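As a plain string of letters, each chain reads:
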Amino acid sequence: MFTERIYNFSAGPSILPVPVLEQAAAELLNFGGTGTSVMEMSHRSKDFLAIFEETKALLKEVLGIPETHEPLFLQGGAWTQFAMIPLNLIGTTGKADYAVTGSFSNLAMKEAKKYGDIHVAATTADKNHTYIPKQSDLDLRPDAAYFHYCDNNTIFGTAWDYIPETGNVPLVCDMSSNILSKPIDVSKFGLIYAGAQKNMAPSGLTVVIIDKSLAGNELPITPTMLSYQTMIDKDSMHNTPSTYNIYILGLVLKWIKSQGGLVGMEKQNIEKAKVLYDYLDESALFKAAAVPAARSIMNVTFVTGNEDLDAAFAKEAAAKGMINLKGHRSVGGMRASMYNAMPKAGIDALVAFMKEFEARNK
Ligand code: PMP
């Protein structure tokens, strides 16, 4: 039993900023003098449409989304995008290239195979996805309808440290676990997608940012609900959107602005990650799983090399109020997910506990 909030290192759904939760709580029963909860509002109501427009404008402002691109507020998680992307985009040439740098990019690639000619442009499976391919390692086809990659590999704790160069082939990127963690040049991407449940909002909302010129070429079998053009035309409201999560995303975006926007967010995220990686590099017990050049600042994976010790570590940390540190079964060991909302004090507490654990288990 904990009477205070604890440090939750969950990979997702994960922590939200405390001021956001406080504001949501304060407005839960009566939003802005409307006498109702946001949860109870019609998505077509004036009050909700004002929330929707504000969230959309904030997302455009915070991410710097150009006029060529449209943010969409969808459902079905990143997994639905694994199918929606090929259904909508592969039709132009029937071909698409995928980089496989972890579990989710592999699953995205397999799902896309149902809809066209899919080529693996690079894979890091040979070293259990501990690294990221170099630009020169990408075997790209000039007639691919798009190139898909996952910018931050949640399970393996790796991240691309560059935006791939693909010539005229549109870039499609899964940013589920690092969207809003750093500034990005949206204009370089044909499509960006992310499930909300890490840096944006509770699960149930999926954000897609699409270059509008790519929409409208969907395969004839594409379900109406899975057409980007439908959702662009209907401003994400072909059916009832995930209203409460859109409201929470608006609060999160205001909080990000209060932290100095994405420049401020990235600075904090780098500082937090450095504390943990610096310790991992000097520790005789713990070792970072990812190679230095590919290290994620969102999900830090590490091992002791002894499964019993790994299990004991996660268990003892949980008892001290640092939960969800057990690594994914495909990597083993530990994983500390430290999204935007994780305070630096959480990393300091984790490293202090790791030092104490190491001293006891020499
Ligand atoms: N891509 C990445 C990078 C993820 O981390 C996840 C989930 N953690 C997914 C895709 C799948 O997301 P969802 O559960 O929203 O379908």
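Residues numbered from 1 in each chain as written. Predicted model: local features only at pLDDT ≥ 70, side-chain atom pairs only at ≥ 80, totals over all residues. Heavy atoms only, no water.

The next subject is the pattern of salt bridges. Counting across every chain of the model gives 15 salt bridges. Of the charged contacts, one joins R360 and E356 as a salt bridge, the two residues approaching to 2.6 Å between their closest N and O atoms. A residue pair is termed a helical-turn pair when its members lie 3 or 4 positions apart in one helix, as R360 and E356 do in helix α9 (residues 344-360) at four residues. Judged by its relative accessible area of 44%, R360 is partly exposed. Using a relative accessible area of 33% as the deciding quantity, one classes E356 as partly exposed. Shared partners join several salt bridges into a network, and the residues in it are K56, E70 and D235. (Salt bridge = Lys/Arg side-chain N within 4 Å of Asp/Glu carboxyl O. Helix = DSSP H or I, 4+ residues; strand = E, 2+ residues; numbered from the N terminus. Buried < 20%, exposed > 50% of the residue type's maximum accessible area, 1.4 Å probe, protein only.)

Moving on: the domain arrangement of the protein. Domains assigned within the protein are domain 1 (22-258) and domain 2 (261-360). Inter-centroid distance (C-alpha atoms) of domain 1 to domain 2 is 27 Å. Residue-level contacts link 26 residues of domain 1 with 24 residues of domain 2. Buried area between domain 1 and domain 2, both sides added, is near 2000 Å², and the carbon and sulfur share of it is 58%. At the boundary of domain 1 with domain 2, the tally comes to zero salt bridges. (Domains from an automatic or database assignment. Contact = heavy atoms within 4.5 Å. Buried area = accessible area lost by both parts, 1.4 Å probe.)

The side chains of a regular strand alternate, first on one face of the sheet and then on the other. Of all six residues that make up strand β10 (residues 206-211), six are buried, and the element is covered over most of its length. Across six bridges, the pairing between strand β2 (residues 69-74) and β10 is antiparallel. Following the sheet pairing, E70 is matched in β10 by I210. (Pairing = 2+ DSSP bridges.)

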